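Chain and residue survey
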Amino acid sequence: MMELINILKNKLDKDIWSDNKKDFDKYLVEPRGRFKGKTNLLLRPRTTKEVSTIVKICNKYNLPLVPQGGRTGLAGGTVPSKKGDELVLSLERMNKILSIEPGNYLMTVQAGCVLSKIKKASEKKNCYFPLKLASEGNCTIGGNISTNAGGLAVLKYGMTRDLVAGIEVVLPNGDIISNLKVLKKDNRAYDLKHLFIGAEGTLGIVTAATIKLFPKINDRAFSIVALKNINLALKLLSILNAEQHENLSTYELNTKRGLKLIEKHFKRVNMPFKNSYPFYVIIELTSIKKEKLKSKLRSILKIALKKDIILDFLLPSSLKQKNDIWSTRELISEAQKIEGPSIKHDISLPISKIPTFLKKAEMAISKIINRKYILAFGHLADGNLHYNIGKPKKLKETEFKRIYITINGLVFDLVQKLGGSFSAEHGIGKIKMNELKKYSSKEELRLKKNIKYLIDPKKIMNPGKVFK
């Protein structure tokens, strides 16, 4: 193995690679600390040509590669194995904005470009890039594309897949497919970019992308609403869709437990209400036109309050108040991490089935662990829930790990029965390979594997992810 790695090093510029283990630490772990791997070589190319050169050599000598972006993924997809025989290829130095065409509402960027940088660059051109993630200060567009990231604006703008006009990708044999044309229409048979969007680096390495921009937002309305139950949250959603469908961009669910965790671990965040309520929803309306959205939203919520659909609502009167409200959603995962270990589920369901899921899942889980440790939150309007179960302080780690598989089975079986998906936006990575096998039809799984092994016959691209 080391002999082959030395061959690779000798054929590359010295500033592209590092074999100094002191440089490796941050490239070997995932954000939750659940996985830690090993490597004998870190590769940090600067251009697509350099990526191609690396991959060609690795393909020739059967050297497996683990591509990385900002390493913010939550499924272990960027972590190498513990064997140390996989090489880490980070795209962090490929971080340039290559072009912006505001007239066409398109931007071309290298894969290592950080999402927040892209958003700021679009704003300078009076445009808007709508992908909105809690990790946008660290995640990169290549990683977003490779995982088909979702986020807080999927309701109005779609997943990352819907925001990509073209990509450049290095195949497992080192060949480059470049389709960064700034065209609105390009209907030449199969649209190959969709093979690589959401493939988690198992089919090739995305090195650049042309992404879609939108007109600048000129009017916003924002509120947090308290509700008695999930059915009323869906009733309010129905009202908003009827009144403001084209402007409704965010509808985020939280619960009493979620706000309590934020209050406990982030003292700087002021809670929106003095009283505690069972459910909360954060609402945002956006428009490219001046439409007096704040007035319209206030009117809708006042009527909902009179009809007992909601218990309370708040339209922030300052930027600090607005940021505090956002924090009650964006800091949940971090607060739960501080609280201790948890069993996490990133699921999607038909919206009408969400009340049934929450009721039946709670009934099943409460037979194993107290229901007060259940934390449900997420993107309610597009059916995506983050359904997590925290570890009680007195429960031993070994016992918690023992019930992990049981609880996963209960949750995912119920999701499957209700016509949902066990993986909404976090991907498969290392942690959901068994579920992919269990909850896919034989025909679907066979076709996906055939695509993988046709494009990557030597299995050098991100091995041990998606498929074993």
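Residues numbered from 1 in each chain as written. Predicted model: local features only at pLDDT ≥ 70, side-chain atom pairs only at ≥ 80, totals over all residues. Heavy atoms only, no water.

1. Some words on the packing of helix H8 (residues 256-265) against helix H11 (residues 332-339)
Look at H8 against H11: their axes get within 9 Å of each other, and the N-to-C directions meet at 70 degrees. With respect to H11, the axis of H8 lies roughly perpendicular. Viewed along their axes, H8 and H11 form a crossing whose handedness is left-handed. Facing H8, whose interface residues are Leu261, Ile262, Lys264 and His265, H11 presents Ile332, Ala335, Gln336, Ile338 and Glu339. A class-by-class count of the residues in the contact of H8 with H11 yields five nonpolar, two polar and two charged. (Axes fitted to C-alpha atoms, helices over the stretch in contact; angles between N-to-C directions. Helix = DSSP H or I, 4+ residues; strand = E, 2+ residues; numbered from the N terminus. Parallel < 35°, antiparallel > 145°, perpendicular 65-115°, else oblique. Left-handed = near helix turned anticlockwise from the far one by under 90°. Contact = heavy atoms within 4.5 Å. Nonpolar A, V, L, I, M, F, W, Y, C, P; charged D, E, K, R; others polar.)

2. Topic: a nonpolar patch on the surface
A cluster of nonpolar side chains, namely Tyr190, Leu192 and Leu195, defines an oily patch on the protein surface of about 340 Å² accessible area. By secondary structure assignment, the location of leucine 195 is in helix H6 (residues 193-196). (Patch = residues over 30% accessible without salt bridge, like charges linked within 9 Å, V, L, I, M, F, W, Y side chains within 5 Å. Areas by Shrake-Rupley, 256 points an atom, 1.4 Å probe, with all protein chains shown as cover. Salt bridge = Lys/Arg side-chain N within 4 Å of Asp/Glu carboxyl O.)

3. A look at a positive patch on the surface
The grouping of Lys294, Arg298, Lys302 and Lys306 at the surface amounts to a positive patch. For lysine 306, the position within the fold is in helix H9 (residues 293-306). Of the residues examined, lysine 306 reaches a relative accessible area of 73% and is grouped as exposed. (Lys, Arg positive; Asp, Glu negative; His and termini not counted. Charge placed at Lys NZ, Arg CZ, Asp CG, Glu CD. Buried < 20%, exposed > 50% of the residue type's maximum accessible area, 1.4 Å probe, protein only.)

4. Remarks on the sheet that holds strand E5 (residues 97-101)
The strand order E5-E6-E10-E8-E9 describes an open sheet built from five strands, whose pairing is antiparallel. Each edge of the sheet is formed by a strand with only one pairing partner; in this case those strands are E5 and strand E9 (176-178). The sheet shows a mean angle of 10 degrees between the axes of neighbouring strands, direction not considered. As defined by bridge partners, strand E6 (residues 106-110) adjoins strand E10 (residues 205-212) across five bridges and the pair is classed as antiparallel. Residue pairing for E10: methionine 107 is matched across the bridge by isoleucine 211. Along the sheet, helix H2 (residues 48-60) contacts strand E8 (164-170), E9 and E10; its crossing angle with E8, the most-contacted strand, is approximately 45 degrees. This element, helix H3 (residues 115-124), spans E5, E6 and E10 of the sheet and lies at about 145 degrees to E6. (Pairing = 2+ DSSP bridges.)

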